[in-house]
Amino acid sequence: MKSMESKGEPETTTEMMGKKQVQRERREPSFSEYLTLWWVWPLVRKGFRSALSEEDIPRSPESFEAENLLNRASAFEMEDNPSIWRVVWNLNKHFILCGSLAGSTQGLLNTVGRPFVLREIIKVATSDSESGNRLAWLIILFAAIVYLEGFFGVVNAHLLTDILGARFSSVVSGMVICKSLKRGRRLDASAPVETSLAGNDIVRTMENLRLTQWVPMLITALIGGITVLVVLIGVSSVVGLFVMFSIVGLNRYISSKTKKAEKLNLKAGDKRLTLMRQLIEGIQALKMHGWEAKFLSKIEKVREDECVHIQNYRILQVVSIALGRASPVLASCAAFITFVLMGNTLRPADIFAALTIFQALRMPLIMIPLSLTALMNIKVSLKRIESFLQIPNVCAVRKPDQEENALEIHNGDFSWTKPPPPSSSSSS
């Protein structure tokens with residue numbers, strides 16, 4: 001892949017933007033520039049000094065264009081059994097691997113590197129011996145870990161959301177459009193159509209990529225955090241983790257109840273709006289018969305029912321948010337109480353390090369179910385796209401060997417049935 005091996009030379013092209021011609025550069029960034037986000041810094045510096053114009057915005061790299069991606073995808077796509085997973089993986093495996101590695105590094109820095117360095121800082125700060133130089137170096141190391149954690153998070157989001165999403169949309173949209181130009185007649189009326197795939201499935205897949213890009217970080221953060229907790233406070237960490245998992249399960253149950261309350265709320269709202277529409281459409285008859293009070297009481301009754309569902313929804317939502325915020329505190333309290341009851345001594349370094357891990361584990365426990373749900377949604381959308389790509393193509397008409405006559409008939413015998421005689425009614 002040329003764009004991942006060497007940096008291409010800038011190429012100036014002229015294109016129409018509105019009613020004027022604009023000269024814009026197109027350059028192929030190297031793979032290292034994608035990893036370090038270096039390709040965007042010249043544009044940021046120029047925009048910081050002065051307002052950017054249309055000529056300053058570079059064109060998309062050639063490796064992102066649908067024509068180039070489709071030509072490369074043709075080597076991986078099998079006509080009888082097309083696989084979007086195989087196409088996307090072969091076209092973007094460098095971005096996927098490096099983005100996953102960056103996310104995994106971010107997770108380890110969050111739940112392993114930061115707590116251990118914080119533990120050492122507290123040990124040095126609370127010790128009697130004078131070790132100012134070591135404390136300064138540990139603080140610098142802690143700041144570097146925080147910076148690298150944020151940097152790897154940005155790289156992970158850039159590779160697995162921005163770049164992967166753009167290339168996925170370009171190649172899959174091109175495959176769907178090309179298939180729509182040569183597919184045969186659909187036998188199943190419920191089969192997906194190209195307009196729905198392009199406007200719904202592909203767009204939703206790009207949105208779900210914003211959740212699935214967290215998966216490498218979440219998995220490594222969860223594994224690393226649990227391991228470090230066991231090292232710091234031993235078996236008592238299991239009690240704290242049990243409390244956190246229990247709160248996550250309770251939140252999932254509350255979420256199902258919240259969804260039900262929202263559904264009832266929407267249903268009550270529809271009922272109220274239907275009643276209001278009937279009132280407006282029959283306002284003249286209502287005024288003539290003096291039914292204002294009766295209709296007003298009916299509307300108030302429907303509105304009261306709607307407010308009950310709104311109240312239930314808000315209560316469940318507030319309880320869910322409060323439990324999510326309190327889960328690190330409750331889990332750490334349970335773990336520390338168990339740690340003391342087992343006859344151990346609490347040290348400040350271990351307490352603050354464990355508190356940091358419990359706080360960091362809150363995000364993986366919440367986001368892993370959401371990310372897995374988004375991954376299942378992506379699988380459903382890709383299966384719909386693959387079923388569309390498997391529709392048989394229209395049989396192409398073979399070009400005749402002789403260019404003189406497109407059609408020749410030898411010893412042809414043609415006949416047709418004699419039309420029936422006109423009836424007496426029609427003749428009269």
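Residues numbered from 1 in each chain as written. Predicted model: local features only at pLDDT ≥ 70, side-chain atom pairs only at ≥ 80, totals over all residues. Heavy atoms only, no water.

A. Up close: the overall build of the protein chain. When helices and strands are tallied, the protein chain shows twelve helices and two strands. Sequence-ordered secondary structure for the protein chain, helices as α and strands as β, is β-β-α-α-α-α-α-α-α-α-α-α-α-α. Burial analysis of the protein chain (428 residues in total) assigns 35% to the buried set. Excluding contacts between residues fewer than 6 apart, the proportion of contacts in the protein chain whose partners are at least 24 apart in sequence is 78%. Counting every atom, the protein chain has about 26900 Å² of accessible surface; 62% of that belongs to carbon and sulfur. (Helix = DSSP H or I, 4+ residues; strand = E, 2+ residues; numbered from the N terminus. Buried < 20%, exposed > 50% of the residue type's maximum accessible area, 1.4 Å probe, protein only. Contact = heavy atoms within 4.5 Å. Areas by Shrake-Rupley, 256 points an atom, 1.4 Å probe, with all protein chains shown as cover.)

B. Highlighting the packing of helix 4 (residues 84–126) against helix 7 (residues 215–233). Contact geometry of helix 4 with helix 7 gives a least axis separation of 7 Å together with a crossing angle of 25°. Taken as axis vectors, helix 4 and helix 7 run roughly parallel relative to one another. Crossing of helix 4 over helix 7 shows right-handed handedness. Across the interface between the two elements, S100, G103, S104, Q106, G107, L108, T111, V112, F116 and R119 of helix 4 pack against P216, M217, T220, A221, G224, G225, V228 and L232 of helix 7. Here the contact of helix 4 with helix 7 is composed, by residue class, of eight nonpolar, nine polar and one charged. (Axes fitted to C-alpha atoms, helices over the stretch in contact; angles between N-to-C directions. Parallel < 35°, antiparallel > 145°, perpendicular 65-115°, else oblique. Left-handed = near helix turned anticlockwise from the far one by under 90°. Nonpolar A, V, L, I, M, F, W, Y, C, P; charged D, E, K, R; others polar.)

C. Just helix 11 (residues 348–389), in detail. Between the first and last C-alpha of helix 11 there are 61 Å, a value that for 42 residues agrees with the 62 Å anticipated at 1.5 Å per step. The sharpest bend along helix 11 comes to roughly 35°, located at M367, with the proline P369 sitting one to four residues further on. (Expected span 1.5 Å × (residues − 1). Bend = angle between axes of the 7 residues up to and from the residue.)

D. Geometry of the pattern of salt bridges. With the rule as written, the count across this model stands at nine salt bridges. Linking E306 and R272 is a salt bridge whose minimum nitrogen-to-oxygen distance equals 2.5 Å. Residue E306 is located in helix 10 (residues 292–341), and its partner R272 is located in helix 8 (residues 236–281); the two are separated by 34 residues in the primary sequence. Looking at E306, the relative accessible area reads 6%, which means it is buried. Here E292 and K287 are joined by a salt bridge, their closest N and O atoms 3.7 Å apart. A residue is classified by how much of its surface remains accessible, and E292, at 33% relative accessible area, is partly exposed. Linked by salt bridges that have partners in common, R119, R347 and D350 make up one network. (Salt bridge = Lys/Arg side-chain N within 4 Å of Asp/Glu carboxyl O.)

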